[in-house]
Amino acid sequence: MKPKEDNLEKNISRLVKLAGDADKPSGAFVDSVREDALDELKTSGAGAKREKREKSAKSKWVKIFAYAASILIVCGLVIELTMPSLQRVRERMGKARLSAKIANLESYVSSKPVTVVAGPSDKSSLPKSGRSISNFNGNHAASDRVIVRADSSDTSPPPPAKPEARFVGTPRSTRKPIALKEAKKGYEVALGTRKSGEAGSLIRYRKPERGPRGYPMAHGGTTPPNGEDVDAMFFKNYGVNPFVDTEDDHLSTFATDVDTGSYTVVRRYLHDGHLPPEKAVRVEEFVNYFNYRYAAPQEDTFTVYAEAAPWRFGTGRKNSYLLRLGLKGKQVSEESRKPAILTFVIDVSGSMKRENRLGLVKRSLRMLVEKLRGEDRIGIAVYGSRGRKEMDHRGLYEKAEILAVIESLQASGSTYAEEGIRIGYEMAENAYRRGHINRVILCSDGVANVGRTGADDILEIIKKKAEKGITLSVIGFGMGNYNDVLLERLGDKGNGHYIYIDTIAEARRVFEDNLTGTLQVIGRDVKIQVDFNPDVVRSYRLIGYENRDVPDEKFRDDKYDGGEIGAGHSVTALYELKLWPDKEGTVATTYVRYKHADTRAVTEFKSRIAVGDFDKNFDGSSSEFKLAATVAEFAEILRKSYWAKGATLDRVLERAQQLSREFEDDADVIELVDLISKTEKLMKKTAVEPDEAGESEDEFLRP
Amino acid sequence: MWREFLNREIPQLYGMFMRRWPNPSLAEELVQKTIFDAVRGCDSYEPTKGSPEEWIFGIARNNIRLEMRKRASRPSVDGDISSYVETIDSEPLPDEVLEQKETAAFVKAALAGLASKEQNVLRAKYIEDLSARDIGRRLGITEKAVHSLLYRARISLRRELERMAPADKKG
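Quick notes on the rules
- Residues numbered from 1 in each chain as written.
- Chains lettered and ligands numbered in written order.
- Predicted model: local features only at pLDDT ≥ 70, side-chain atom pairs only at ≥ 80, totals over all residues.
- Heavy atoms only, no water.
- Helix = DSSP H or I, 4+ residues; strand = E, 2+ residues; numbered from the N terminus.
- Buried < 20%, exposed > 50% of the residue type's maximum accessible area, 1.4 Å probe, protein only.
- Contact = heavy atoms within 4.5 Å.
- Areas by Shrake-Rupley, 256 points an atom, 1.4 Å probe, with all protein chains shown as cover.
- Axes fitted to C-alpha atoms, helices over the stretch in contact; angles between N-to-C directions.
- Parallel < 35°, antiparallel > 145°, perpendicular 65-115°, else oblique.
- Left-handed = near helix turned anticlockwise from the far one by under 90°.
- Nonpolar A, V, L, I, M, F, W, Y, C, P; charged D, E, K, R; others polar.
- Pairing = 2+ DSSP bridges.
- Core = buried A, V, L, I, M, F, W, Y, C linked by side-chain atoms within 4.5 Å.
- Buried area = accessible area lost by both parts, 1.4 Å probe.
- Salt bridge = Lys/Arg side-chain N within 4 Å of Asp/Glu carboxyl O.
- Polar contact = N/O pair within 3.5 Å; in protein donor to acceptor, adjacent residues only side chain to side chain.

Help me understand the overall build of chain B in this model?
In terms of regular secondary structure, chain B is built from 8 helices and 0 strands. Secondary structure of chain B in N-to-C order comes out as α-α-α-α-α-α-α-α. The proportion of buried residues among the 171 residues of chain B is 45%. Intrachain contacts of chain B at a sequence separation of at least 6 include 57% that bridge at least 24 residues.

Encoded structure:
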């Protein structure tokens, strides 16, 4: 049949079908699908499958043996080679652990020495602050007052790059299959020879190799950022906010965060069949990934929405309430967006070759270029072993040339991020124009292994330029040796934001569907302070935002860094509340303070929520409220929050399924259902394996 | 066991897809895909984690998700069926157009304008999903005659749609 006739037939077929009975498939269709399916079952029958399985099991054992043997040899070699430095590293471990604890307490890395009062709540500098609820998490055990200089020179310097890189290769981690898979990757890089096999086969060799917790597996030759716990290299554990008595501290202050990177990173883990490490989960980024359909304000820059309802989290606590605060920014239409001057700094180091990361970067950029307008300008800097300028700023009128440059990028060499970023910023400065969006966009997997790799040096440059009005967006690509901590901090410092792109669909979400929001900032240094009424509220807990804490008295300090919010973006914060029985009146007053994006004029406004505004029960709350609660509960379970004790995924899954019917047109919610059920399966699977959670990192230090 | 399961689930899945996108041909496509995903991946089913129904609905939901993603990447559709009639023999109609309520009414009206013989053969072929041989048996003609009748019926329907389209636009 000719193609033309083919199309006609197909279209007619589809049209005529519309005239049929809407809800039932035709009998013939059911028969044919069923028979085909039964045929398929027969041909790929059970017998054939079993055979296949046995075969693969056999080859698996051979592989395992080969791996085990090579690992033993390599271990021997590595120990031989690194004996002196191993000794040093061990000594340093003690120091590193202390400094890691300290590092856990920093909300931000600041160039100035600051005083931080430790305590899980991190209610800095308030004498009465944060009851010392010691954290369930082993590596966040600090509870006393500690004076910290957040100056990097106080923490231990990064170990020399070379021995470290070799050391990395030893499979010492016990962090479940993920670690092993990553271990293998680190291994590949260190030795440059190993061919990748199946992750499944590697899981087996864990036992003989089972060592203490705690060596960086995944970074393929990177030195750790200064002062970080070596174990907490890629994801940093910021702890979990505790319940705070309003009598101790009735103010809760935090910087807004519109990032969603954590959710996409975790999604990637789950799709790869692994549970994410707990510290990869930042609840607020999960919550903010979803669209709660807040109406955008017409005249004001921001509006606040509040809703509260009784809530039971797990089985542990009764009589608690969930308060949802939503901050929604005004929309800016595509046409009225300011022209943008974008400087891309693209990581073209060897690590970007993996998983075709650079390919994804290119596709994402092409998508962005298609979406930009003629008066926008793009420049490109790249870095591999050295940083260099790849293309001067050009107007989008020269689209074809820009696309050709993007297409020509090749990945190779090591990673000199510092130089690349510096060159990118120089370019951005030369191209700077007032009244435009001046933005540097860093596309990387976060591995920065040549030069002074501590994040602090890079942070310093970024912070200075941000003050001049050149902001930074950080886009993370890739997995395995992906460095979440570095990228997130860069984004925070650069007054921009941090996005993780795992698939081309996510790129579309960021660059196509919401490009204006991604580029045009409407409010800078946005901070929120919630003043709880101690007569009504007994205690509260901010869910997430652990690394966005702002000291209460800094709320009105306009030099203190807050979050940036793009056009049409929204921020959602959740509080768990306990109320005194039978009280009426104001529950809380919310203050929002921000700087206008262009004029830098400071605005502050407040809104009040009273007991009377509460929904009577959870079922009576809005679908959006339920969605936020469900997402938060999912994230809390994933990060094994102390407060999620007794919460089960079945219930979360059930609720998400109900919600997916209410949010029919929202692919994100449908995907959430999928992710929750994947997590549930993975959790059941890992529960069967011997539990390693109780294993202490101290084991490593024992002689 | 599989036979009963499939007989029960196929209409269920079909209904589920139709509720989301009222487009029978898409629903059929998705049912087919879901069933085959299920059959090929039947090893992954574990009875401890829920009933087979839940399992197959999970696969279906995943397919819905994929379809939504696919749609998100397509340019949005504007205009109704009448603006697509001209390209009906060269390009596939967008699913979104098929899902508009007006489209079904439009097609029903166009079908009604056809000779009854042509109407019958189109319905038998596309709605009842009968083979040419079965249609021939029913109408008392040869298989070959069914094919040429179908060919003519398609052309007639296209002509009828074209005839109605401008009128529809004016109205």
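Now that the structure has been shown, we can carry on.
Looking at this model, I keep getting lost on the overall build of chain A. Mind explaining?
The helix and strand tally for chain A stands at 19 helices and 16 strands. Considering chain A as a whole, with its 703 residues, one finds that 60% of them fall into the buried category. Taking the intrachain contacts of chain A between residues at least 6 apart in sequence as the baseline, contacts between residues at least 24 apart amount to 82%. Of the roughly 28500 Å² of accessible surface on chain A, a fraction of 50% belongs to carbon and sulfur atoms.

Please explain the packing of helix α10 (residues 357-371) of chain A against helix α15 (residues 504-513) of chain A as it appears in this structure.
Two packed helices can be described by the angle between their axes and the distance between those axes. Residue and element names in this part refer to chain A. Where α10 contacts α15, the axes come no closer than 10 Å and their chain directions differ by 30°. Taken together, the axes of α10 and α15 are roughly parallel relative to one another. Crossing angle aside, the handedness with which α10 passes α15 is right-handed. Note on element contacts: α15 touches α10 through I504, A507, R508, F511 and E512, opposite L360, R363, S364, M367, L368 and K371. In terms of residue class, the contact of α10 with α15 is built from 6 nonpolar, 1 polar and 4 charged.

Looking at this model, I keep getting lost on the sheet that holds strand β10 (residues 497-501) of chain A. Mind explaining?
Strand-to-strand pairing in sheets goes through backbone hydrogen bonds, with the strands running parallel or antiparallel. Residues and elements named next belong to chain A. Strand order in the open sheet made by the 6 strands is β7-β6-β5-β8-β9-β10, with mixed pairing throughout. Edge strands, defined here as strands with exactly one partner in the open sheet, are β7 (387-395) and β10. This sheet shows a mean twist of 15° between the axes of neighbouring strands, independent of strand direction. Note that strand β6 (residues 377-383) and β7 share 6 bridges and pair antiparallel. By the bridge assignment for β7, Y383 is matched with G387. Contacts from helix α11 (residues 399-408) reach β6 and β7, with the element oriented near 160° to β7.

Explain α15 of chain A to me, please; I cannot follow it from the model alone.
The α-helix advances 3.6 residues per turn, and as a result positions three or four apart in sequence lie on the same side. The buried count for α15 of chain A comes to 7 of 10 residues, which makes it a mostly enclosed element. Within α15 of chain A, burial applies to I504, A505, E506, A507, R508, V510 and F511 of chain A. Those residues of α15 of chain A that are buried are in contact with α8 (261-271), α10, β9 (471-477), β10 and α16 (515-519) of chain A together with α3 (52-72) of chain B.

Looking at this model, I keep getting lost on the nonpolar core. Mind explaining?
In summary, soluble globular proteins display a tendency toward joint burial of nonpolar side chains. All names here are of chain A. Ranked by size, the top nonpolar core spans 44 residues in total, and within it F286, F290, L627, F634 and L672 carry the most contacts. Of all the secondary-structure elements, those providing two or more residues to this core are α8, α9 (283-287), β3 (302-311), α17 (623-638), α18 (649-662) and α19 (667-688). If you tally residues by element for this core, the top one is α17, at 10 residues. In contact with L672, other than residues within four places in its own chain, are Y263, F290, L627, V631, F634 and A656. One finds L360, I378, I406 and I499 within the second-largest nonpolar core, a separate group that totals 38 residues.

Explain the interface of chain B and chain A here, please?
Buried accessible area, meaning the area lost when the parts come together, often serves as the stated size of an interface. Listed as interface residues are 61 residues of chain B and, on the opposing side, 50 residues of chain A. Across the chain B/chain A interface, buried area totals approximately 5200 Å², and carbon plus sulfur atoms make up 64% of it. It is R65, R69 and Y126 of chain B in chain B that bury the most area against chain A; as a group they hold 12% of the surface buried on that side. Where chain B meets chain A, there are 8 salt bridges. Applying the counting rule to chain B against chain A returns 13 residue pairs in polar contact (both at pLDDT 80 or more). Among the secondary structure elements, those contributing two or more residues to the side of chain B that touches chain A are α1 (2-20), α2 (24-40), α3, α4 (95-98), α5 (101-112), α6 (116-127) and α8 (143-170) of chain B. Per element, the largest residue contribution to the side of chain B that touches chain A is 11 residues, and it comes from α1 of chain B.

How should the environment of V266 of chain A be read in this particular structure?
Its place among the elements puts V266 of chain A in helix α8. Apart from residues no more than four positions distant in its own chain, V266 of chain A is found in contact with P276, A280, V281, F286 and L638 of chain A.

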